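Take a look at the letters that make up each chain.
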Amino acid sequence: MLEPSHNNELPAIPGKRYFTIGEVADLCAVKAHVLRYWEQEFPQLSPVKRRGNRRYYQRADVITIRQIRSLLYDQGYTIGGAKQKLSSSEVKDDTSQYKQLIRQMITELEEVLDVLNSPAS
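Here the structure is a predicted model, which is why all the values come from computation and not from measurement. All residue numbers refer to positions counted from 1 along the written sequence of the respective chain. pLDDT decides what is reported in this predicted model: residues at 70 or higher carry local features, side-chain atom pairs at 80 or more are listed and counted, and totals for whole chains, interfaces and linings draw on all residues regardless. To get the side-chain values, all heavy atoms of the structure are used, and hydrogens and water are removed first.

Would you explain the nonpolar core in this entry?
Note on soluble globular proteins: their nonpolar side chains tend to be buried together. Definition of nonpolar core: a set of buried residues of the types Ala, Val, Leu, Ile, Met, Phe, Trp, Tyr and Cys, connected through side-chain atoms within 4.5 Å. Buried, partly exposed and exposed residues are distinguished by accessible area as a fraction of the type maximum, computed with a 1.4 Å probe on protein chains only: under 20%, between the cut-offs, and over 50%, respectively. If you look at the biggest cluster of nonpolar residues, it comprises 22 residues, and the most contacted ones within it are Val24, Cys28, Leu35, Trp38, Val62, Ile65 and Ile68. The helix and strand labels rest on DSSP assignments: H or I over at least four residues marks a helix, E over at least two residues marks a strand, and numbering proceeds from the N terminus. Residue assignment for this core shows that the elements contributing at least two residues are helix H2 (21–28), helix H3 (32–41), helix H4 (59–74) and helix H5 (79–87). It is H4 that provides the largest number of residues to this core, a total of six residues.

What should I look at first to understand H2 in this one?
Helical periodicity: at 3.6 residues per turn, an α-helix aligns residues three or four positions apart in one direction. Among the residues making up H2, those that are buried are Ile21, Val24, Ala25, Leu27 and Cys28. Taken end-on, H2 shows its buried residues confined to a sector of 165°, consistent with a single buried face. Contacts are assigned to residue pairs with any non-hydrogen atoms lying within 4.5 Å of each other. On the buried face of H2, the contacting elements are H3, strand S2 (54–56) and H4. Looking one or two residues past H2, Ala29 carries a phi angle of roughly 55°, positive in sign. By construction, the arc corresponds to the directions joining the helix axis to the C-beta atoms.

What is the right way to look at the packing of aromatic side chains in this model?
Any aromatic ring pair is given by two values, namely how distant the centres are and how the planes are angled relative to each other. Note on aromatic contacts: the rings of Phe and Tyr and the six-membered ring of Trp form a pair at centre separations within 6.5 Å, being stacked when their planes are under 30 degrees apart, edge-to-face when over 60 apart, and tilted otherwise. One pass over the structure, following the stated rule, counts one aromatic pair. Placement of a positive charge over a ring is assigned whenever Lys NZ or Arg CZ falls within 6 Å of the ring centre and within 35 degrees of the normal to the ring plane. Sitting over the face of the ring of Tyr18, Arg50 holds its NZ or CZ atom 4.8 Å from the ring centroid. When the ring centre of Tyr56 is taken as origin, the NZ or CZ atom of Arg50, which lies over that ring, is 5.6 Å away.

Got a minute to help me understand the pattern of salt bridges in this structure?
For side chains bearing opposite charge, pairing can occur when the charged atoms are close. Here a salt bridge means any side-chain nitrogen of Lys or Arg lying within 4 Å of a carboxyl oxygen belonging to Asp or Glu. The tally for this structure, following the rule as stated, stands at five salt bridges. The partner of Glu23 in a salt bridge is Lys16, and the shortest N-O contact between them spans 2.6 Å. Judged by its relative accessible area of 36%, Lys16 is partly exposed. For Arg55, the salt bridge is made with Glu39, and the minimal N-O distance between the two is 2.8 Å. Taken together, the positions of Arg55 in strand S2 and Glu39 in helix H3 put the pair 16 residues apart, joining distant regions of the chain. Overall, Glu39 belongs to the buried group, its relative accessible area being 15%.

Put into structure tokens, the structure is as follows:
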């Protein structure tokens, strides 16, 4: 998934259920039109579409997009190569994906701890 040096560049994923295309673009450091293109190329990406065809991505979608970004931009894969890598069992067992999830959970737990430790108003 993402190399450790690149994880610091991307912001932590907030604890929300749904994200707009603009939020995902910021979280993954890609443009919105790139996300729309990747939706056509990668069957793993299927955001929920609501009224007006507005896209809403879930946390798993954001992690998948970060993985695609890493394969294409950091590791130098082509679209075809990234598709193969994503569909192989190799990626599903990739420990770096779990590391990303663990880092995210730690960030969220630290935020909860800050809220709990803050003095009551």
